[in-house]
Amino acid sequence: MSPSDFFYRNREIAGFSNPSRAIYAAVRELLENSLDACEAQKALPEIFLRITEVTASEAGSSIYIMRISDNGTGLPPEEIPNCFGKVFYGSKYTLKQARGTFGLGGTITILYGQITTHKPVTITSSTGGEIHEYEMMIDIQNNRPMILRHRVMENKKKWRGTVVELQMEGDYSRIKSRLLDYLKETAIVNPYADLTFVDPAGRLYRYERGTEKMPPLPKAVKPHPHGIDVENFRRLVSVTKEKSMKAFMMEHFQGVGQKTADNFLKAAGISRRAKPKSLKPEDIVTLVRTARQFSDFKRPDPSCLSPMGEELLETGIRKELNLTESDFLQVVTRKPSTYLGFPFIVEAAVATGSSISKQYKSGTTIIRYANRIPLLFDESSGVVWKVVNKNINWSTYKVYSDTPLVIVVHVCSTKIPYKTVGKEYMADQPEVEKEITNAIRTAARSLRIYISRSHRAARERRRLNIFEKFLPKIAEFSTKLSDNEDPPDIAPLLAAVSTTIPDVEEKIKEVSTIVGDAA
Amino acid sequence: MSETPHKESEKQREITEASLKQLGNLIYEQIQNREFPWVMMQSRSTDNIIYDPELRQYILGSRTIRRHARNIRHIRPFTQMVWTAWFARELVSMRKTSTLREVYYSARGQQDIEFSGQPESDNIITDLEVALNRPREDFGIFPEERSAIFGDLTIEYTVPGYEGRRMNLTDHPDGVMVGPAVTSSEFVETSADKILVIEKGAMFNRLIEEKAHDKFNAILVHTAGQSPRSTRKIIRRLNQQWGLPVYIFTDGDPWGIHIAMVIISGSANAAHLRDLATPEAKWIGVWGTDIIDYKLPTENLTEHDAKRLRELKTDPRYTDEIWQREIDIFMKIGKKAELEAFSRYGLTYIVDEYLPAKLESVENI
C-alpha cells in the first residue's frame, strides 16, 4: 500500500472524518503551510482565503472551491508536483519546532478534494521569476503526481508566493463557528500576519496585522538521545557517513562529547569502534533503550524552540480580544524545560475585564496552542483543562465561577505530547502539566491584585454614587426647611469624596508592572 | 390661667416650628461652608439608656453621637431625617396632624428616601425627637388612635376649626378617643378627684355602664394595652395640673404589670423624653395577692410569662417592695388572672366590692 493509499483509507486520522471537519482540516493544513512559507523567508504573511460554494448536494454537504494565496517563499517550479502530489515527500534528520501536524502539508487536502470531487488542483507559484501554474491530480495507488497542464507566465510585478485552488466536498455551515474561532485564534498567535477570509456567503472577515515584529526562526538541532526512537535511529544509521559508533553518536546527537559517547556505548554494551552500518536490529533496540535511561547526557537544547515571547503574545491577544486599557492581561513565558528528552516551553496568559465579558459567556474560556496551532476540539480531555479545573484553586485569586476569564496556553516543543493520533489535545505529561500550572499561577497572581483593586474601585464608585444620590436631597430639603431660596452648592462636597477614585484606577493600570517585577 | 388656652398652644406650635427651621438652617449653612452636614444627638444605644432613680424613669446618658453625612452608613438616615423634619414642619405650619403610618407612606415616591418599612420611619422620627429634644406629638405625628378617656372633664379644643370650643368628656358614653384633638386640648375643669386607668376596653365599658366615674368620682382612661405616649402624657397632665392621684388597673400577669410600670416610670424606648411618666401613679391590681384573696379563676403562667417575670424582678424600676412582693407571689402560685376574672362573682362585683375595697386600702398606704 502506498502512503497515499494509506491516507485515502484512513483519512479520519488526518482530521477529515466528516464533511464539516473536512473543511476545518483543509483550511488548517493550507493556512499553516502558507504561514510556514512566509516565515521561512521572513516575509510578513499576507494570506487570503476564500471558500465558494459550487453546488449544493444532498444531506447538507456541498462542493466548495477553496482558494488560498500567500506571499511566502514560493516553490521552485520543478518541486511543485512532488510537493503537492506525493505523500511523505522529503525527510528530516534534524529537529526543530514546526507547525505541520503530519508533515503532509497540503497533500492530504488535495487528496481529499480529489477523492470527493474528482477534480484536479491548480497550484500557482513563483519564487520571484516566472510564474508556474500546474493543474494536477494524485495517482493514489502509485503515490505519484499526474500533471494535467503546466503553464509558464511572465511575472512583471515580481510577485512571490503560492496560490492553491482546489475543489472539495464539505459542510461549511456546521463548522462555521469553529472555523471562525480557529482563524481568530490563529490571528492571536500570528499577530504579524494579515489574514483575510471570504466565506461562502460572501462575508469578509479581516484579521489585521498588529505588529511587524516576528519571532526568531527556530534553529534546527540534532536530536537528543533521550528522545530518539528505533525508527529514527535506523534512518540515521542508513544515512550516516561516520565509520565508528563513537563518531556516529557525537555527530548525530546533541549533548554527546567524547567522554559521554564512550560511557554511553559502554553502558549499551556496543563497541565504540563498531561500524554503524553493521548494527543488527537488536543492537539498535538496545541502544535506544539504553539512551532513554542513561543519565549523563546534557539537558536537551531549547534553541530549537520558538516561543511567542510575552510581547508578541500580548499584542496578539490584545488585538483579537479587543482589550482596552482597563482590561487585565498578564502574559508569562516560562523558562525551557524537558520531558522524556524533548525540550519544551510553556507560555500562558490570563485576561479579564469588561471586554471579555462582552465577547464570551461568563466563566472561563480556554484557548490552547501547540506549536502555534490552535487546538479546538476535545478540550475537556486535555492537560490544560485539567490544570485549570483541577490543579488551580481559583478562589485564591478571587476568581469565581462567573468571573469572565480567558486563559491562553501555548506549549511549544519538538514533540508535543499529543494523546491521540487525532492530535487535538495534549496528554498530562507530569513535567508539562507542572509547567502549565506554574505559568497560569504566575499570571493569576497579578490577576488577584487586579481583581481586588477593581473591587475596590467599584466600591469607591458605589460610594460616590451614594453621595451623588443623597447630597442633593439633603440640600433640597434643608433649603425648604430653612426657608432659603436657592439650594446650597454641593459640588465642593462631591469633589472631596471623588478624589480617591482616579487614584485607585491609576493603580489598576500599574498592576502588570508591579507583578512583572515580582515574578 | 393667665393666658387663654389656645394662645398657650399657639406659642408651643411656634417654638416647634422655629426649632425645625433652625435644624434646616444649621444643615444649610454647613453645606454652604463646604462642610459635610452633621447633627449631634444623644446616643440611643442600650448602653446609653440609664435608669435615674431620682426621676424614677429611664433617661439617656451623656454619650452623644454625630450623625454625619460624610459617613456612608449615615447619609441615608441623615437624608431621611432632613426630609422628615421638612415633612413635620409642613404639618406644623399647616396645623395638620398625621400618623406614624402616614409618614411612612408619605415618603413613598420620594426617590431614594423611601423607608424600607414602618419600623425604619418610626426610628427616624425618634431620631428627630432626640435631635430636637421634642416629642413627635409636637410635630403633629401621632400613633394610630386606640385609647379613650371618659369622665367629668371639660376640655377646650385648639385644633383648627374647633379653637375655643369646649366639651365635657361625659358627653359621649363610649368614651372619647384620645387623638390629636384631645391631646392638644386644654383642660379647663373637672370635679373628679382621681384617675382610674384601665388596660382593657371591655372593663372600661363596664365601669362606664356601672357609673364608676360617679361612684368613685374619677376620670376613666382606657389604655388599650400598652399605653400610647399621648395617653401617658394626658395622665401626667391631669396628675400635675390638679394633683389628681392615678390608679392603674391591669390584668394580673407580667404584661399587665408592665403596662402599669410604663405609665409610672416610662419606657426605655422613650428615654429621650420627659413629661411622659407619672411617678406617683399606683398599680392597684390585679395583684397576685388578689388571685389568692378573691379566689379568682386563673390560668397557668406560660414559660414565656415566667421568663418575663424573672426579667421584671431584676429591672431597676421594680425595686419597690410591692412590686417585688407581687412578682414573687405570681411566680410562687404559677397563675395569672385577667380583669374579667371578677365576673365570676357577677358583672357588678368589681365596681361594688373589689374596687372600693382596693382603693381604700391603697389610699391608706
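Residues numbered from 1 in each chain as written. Chains lettered and ligands numbered in written order. Predicted model: local features only at pLDDT ≥ 70, side-chain atom pairs only at ≥ 80, totals over all residues. Heavy atoms only, no water.

Visitor: Could you clarify how one ought to interpret the overall build of chain A in this entry?
Guide: When helices and strands are tallied, chain A shows 15 helices and 14 strands. Reported as C-alpha extents along the three principal axes, the dimensions of chain A are approximately 110 × 65 × 45 Å. Taking all 519 residues of chain A together, the buried fraction comes to 51%. Across chain A, the fraction of contacts at a sequence separation of at least 24, relative to all contacts at a separation of at least 6, is 73%. Between the mean site of the 74 positive side-chain charges and the mean site of the 62 negative ones, chain A shows a separation of 7 Å. (Helix = DSSP H or I, 4+ residues; strand = E, 2+ residues; numbered from the N terminus. Buried < 20%, exposed > 50% of the residue type's maximum accessible area, 1.4 Å probe, protein only. Contact = heavy atoms within 4.5 Å. Lys, Arg positive; Asp, Glu negative; His and termini not counted. Charge placed at Lys NZ, Arg CZ, Asp CG, Glu CD.)

Visitor: Can you walk me through the overall build of chain B in this structure?
Guide: Helix and strand counts for chain B stand at 13 helices and 17 strands. Relative to the compact-globule value of 21 Å for 365 residues, chain B shows a C-alpha radius of gyration of 22 Å, a close match. Dimensions of chain B along its principal axes, counting C-alpha atoms only, are 70 × 50 × 40 Å. Counting across all 365 residues of chain B, residues that qualify as buried make up 55%. Taking contacts inside chain B between residues at least 6 apart in sequence as the whole, the part at least 24 apart equals 73%. A total of about 16,300 Å² of accessible surface is found on chain B, and carbon and sulfur atoms cover 48% of it. (Rg over C-alpha atoms; globule rule 2.2 N^0.38 Å. Areas by Shrake-Rupley, 256 points an atom, 1.4 Å probe, with all protein chains shown as cover.)

Visitor: Explanation requested: the sheet that holds strand β13 (residues 218-222) of chain B in the structure shown.
Guide: Residues and elements named next belong to chain B. One open sheet holds the 6 strands; their spatial order is β10-β7-β13-β12-β14-β15, and the pairing between them is mixed. Each edge of the sheet is formed by a strand with only one pairing partner; in this case those strands are β10 (176-177) and β15 (282-285). Against the sheet, helix α13 (residues 349-364) engages β12 (194-198), β14 (246-249) and β15, with an angle of about 140 degrees to β15. (Pairing = 2+ DSSP bridges. Axes fitted to C-alpha atoms, helices over the stretch in contact; angles between N-to-C directions.)

Visitor: I would appreciate a short explanation of the nonpolar core in the present structure.
Guide: Note that soluble globular proteins tend to have their nonpolar side chains buried in a common cluster. Residue and element names in this part refer to chain B. In this structure, Ile 149, Leu 196 and Phe 249 are the most contacted members of the largest nonpolar core, which totals 67 residues. Among the elements that take part in this core, α13 stands out by supplying 7 residues, more than any other. Contacts of Ile 149, omitting those with residues within four sequence positions, involve Leu 169, Gly 175, Val 176, Val 178, Val 182, Phe 204, Ile 219, Leu 220, Val 221, Ile 234 and Leu 238. (Core = buried A, V, L, I, M, F, W, Y, C linked by side-chain atoms within 4.5 Å.)

Visitor: Just to check I follow, could you spell out the interface of chain B and chain A for this structure?
Guide: Many authors give the size of an interface as the accessible area that is lost as the parts come together. Each side of the interface is counted separately: chain B has 29 residues, and chain A has 25 residues. Together, the buried faces of chain B and chain A total about 2,500 Å²; carbon and sulfur atoms form 74% of this surface. Three residues stand out in chain B for area buried against chain A, namely B:Tyr28, B:Ile31 and B:Ile72, and they jointly supply 26% of the buried area on that side. There are 2 salt bridges connecting chain B and chain A. (Buried area = accessible area lost by both parts, 1.4 Å probe. Salt bridge = Lys/Arg side-chain N within 4 Å of Asp/Glu carboxyl O.)

Visitor: When you look at the packing of aromatic side chains in this model, what are you seeing that I'm missing?
Guide: Each pair of aromatic rings is reported with the distance of its centres and the angle of its planes. All names here are of chain A. Here the structure, examined in full by the defined rule, presents 34 aromatic pairs over all chains. Ring centres 6.4 Å apart and planes at 50 degrees place the aromatic pair Tyr 172 and Phe 197 in the tilted group. With Tyr 172 in helix α5 (residues 172-189) and Phe 197 in strand β7 (residues 194-198), this residue pair connects regions lying 25 residues apart in the sequence. Judged on exposure class, the residue Tyr 172 and its partner Phe 197 are both buried. Judged by centre distance (6.3 Å) and plane angle (75 degrees), the rings of Phe 248 and Phe 253 are edge-to-face. In this pair, the class of Phe 248 matches that of Phe 253, namely buried. (Phe/Tyr/Trp six-rings, centres within 6.5 Å; stacked < 30°, edge-to-face > 60°.)

Visitor: I would appreciate a short explanation of the domain arrangement of chain A in the present structure.
Guide: For chain A, the domain assignment lists domain 1 (3-207), domain 2 (225-300), domain 3 (306-448) and domain 4 (450-518). Summarising the inter-unit geometry, the C-alpha centres of domain 1 of chain A and domain 2 of chain A are found 39 Å apart. (Domains from an automatic or database assignment.)

Visitor: Looking at this model, I keep getting lost on a positive patch on the surface. Mind explaining?
Guide: A cluster of basic residues, A:Lys241, A:Lys243, A:Lys275 and A:Lys277, forms a positive patch at the surface. Tracing the backbone through its elements, the reader meets A:Lys241 in the loop between α6 (230-239) and α7 (245-252). (Patch = residues over 30% accessible without salt bridge, like charges linked within 9 Å, V, L, I, M, F, W, Y side chains within 5 Å.)

Visitor: What should I look at first to understand the domain arrangement of chain B in this one?
Guide: All names here are of chain B. Parsing chain B into structural domains produces domain 1 (5-142) and domain 2 (148-364). In this structure, domain 1 and domain 2 have C-alpha centres spaced 30 Å apart. Counting the surface lost from both domain 1 and domain 2, the interface buries some 2,200 Å², and carbon and sulfur atoms represent 59% of this. Our count for the domain 1 to domain 2 interface comes out at 2 salt bridges. Here Glu 137 ties to Arg 229 by a salt bridge, and the two come within 3.4 Å at their closest N and O atoms. The tally of links from domain 1 across to domain 2 stands at 7 residue pairs in polar contact (both at pLDDT 80 or more). Elements with a contribution of two residues or more to the side of domain 1 that touches domain 2: α1 (5-32), β2 (49-52), β3 (57-60) and α4 (118-132). Across the side of domain 1 that touches domain 2, the residue classes tally to 10 nonpolar, 6 polar and 8 charged. (Polar contact = N/O pair within 3.5 Å; in protein donor to acceptor, adjacent residues only side chain to side chain. Nonpolar A, V, L, I, M, F, W, Y, C, P; charged D, E, K, R; others polar.)

Visitor: Would you mind showing me how to read the pattern of salt bridges here?
Guide: When charged atoms on two side chains of opposite charge get close, those side chains can pair. For the structure on display, the rule yields 56 salt bridges over all chains. A salt bridge links A:Glu165 to A:Arg67; its shortest N-O distance comes to 3.0 Å. You can see A:Glu165 sitting in strand β6 (residues 161-170) and its partner A:Arg67 sitting in strand β2 (residues 62-70), a full 98 residues away along the chain. Two residues, B:Arg89 and B:Glu17, come together in a salt bridge whose shortest N-O distance is 3.2 Å. Here B:Arg89 is found in helix α2 (residues 75-93), whereas its partner B:Glu17 is found in helix α1, with 72 residues between them in sequence. Neither B:Arg89 nor B:Glu17 differs from the other in exposure class; each is buried. One connected set of salt bridges, linked through shared partners, spans A:Asp483, B:Glu10, B:Arg13, B:Glu17, B:Lys21, B:Arg89 and B:Arg95.

Visitor: Got a minute to help me understand unusual backbone geometry in this structure?
Guide: Note: most peptide bonds trans; most residues except glycine with negative phi. A cis amide bond, omega 5 degrees, links B:Gly285 with the succeeding residue B:Val286. Structurally, B:Val286 can be placed in the loop between β15 and α10 (288-293). A positive phi angle, close to 55 degrees, is found at A:Lys42, a residue other than glycine. Positioned with a positive phi, A:Asp378 is a non-glycine residue whose angle comes to about 55 degrees. Position of A:Asp378 relative to the elements: it lies in the loop between β13 (373-375) and α12 (383-391).

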